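Here is how the chains run, residue by residue.
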Amino acid sequence: SPGSRRSMDVHASINSILLLFKNDFQLRKISITTDFYDKLPKITAIPDQIKQVIFNLLNNATEACRDGGIITIKTRQDGQRVAIAIKDTGIGIEPDKMDLIFQPFYSTKPEIKGTGLGLSVCYRIVQNHQGKIRVDSYLGKGSTFTVLLPIG
């Protein structure tokens, strides 16, 4: 998106993306839980790009919950940053693959399911916003991706 940075409400963006996944969640028997921080400040960002990050992370979480599960989205303020954590109870990521997941064209999905660009795009967008992205994953138990973006 060539858009310019502007003040944006992270919760409104998350809620709009969740609407896109509503039917998919029902079909896959995935429950969604949100834990939004009440006084979350707005961030200055390119809204379309932040929505793309949220979309990609939710898409991956949905794919990871192959036999149903729970996806939890939690927000909080972390000092001068906003934190968005997307946690799933899916299959998790193999420890020896963790160093590869943000590389372009790397995918654990079959070729017809993914291009291997989703996490790479997320990483670039978050970096371009002077933010960070962290991942915790346990094989067979799920993953948590946390995006940290500066306030203002």
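Residues numbered from 1 in each chain as written. Predicted model: local features only at pLDDT ≥ 70, side-chain atom pairs only at ≥ 80, totals over all residues. Heavy atoms only, no water.

1. Brief notes about the sheet that holds strand S2 (residues 30-35)
Pairing is mixed in the open sheet, where five strands are placed in the order S2-S4-S5-S7-S6. Pairing within the sheet leaves two strands with one partner each, and these edge strands are S2 and strand S6 (132-138). Taken pair by pair, the neighbouring strands of this sheet meet at an average axis angle of 15 degrees, ignoring direction. With six bridges connecting them, S2 and strand S4 (residues 69-78) associate as parallel partners. Across the sheet, Asp35 pairs through a bridge with Lys74, a residue of S4. (Pairing = 2+ DSSP bridges. Helix = DSSP H or I, 4+ residues; strand = E, 2+ residues; numbered from the N terminus. Axes fitted to C-alpha atoms, helices over the stretch in contact; angles between N-to-C directions.)

2. Points about unusual backbone geometry
Backbone geometry follows two general trends: most residues other than glycine have a negative phi, and most peptide bonds adopt the trans configuration. A positive phi angle, close to 60 degrees, is found at Lys29, a residue other than glycine. Assignment of secondary structure puts Lys29 in the loop between helix H1 (10-27) and S2. Positive phi values are uncommon outside glycine, yet Gln130 reaches one of about 60 degrees. Mapping Gln130 onto the fold places it in the loop between helix H3 (118-128) and S6. Exposure remark for Gln130: the relative accessible area of 59% places this residue in the exposed category. (Buried < 20%, exposed > 50% of the residue type's maximum accessible area, 1.4 Å probe, protein only.)

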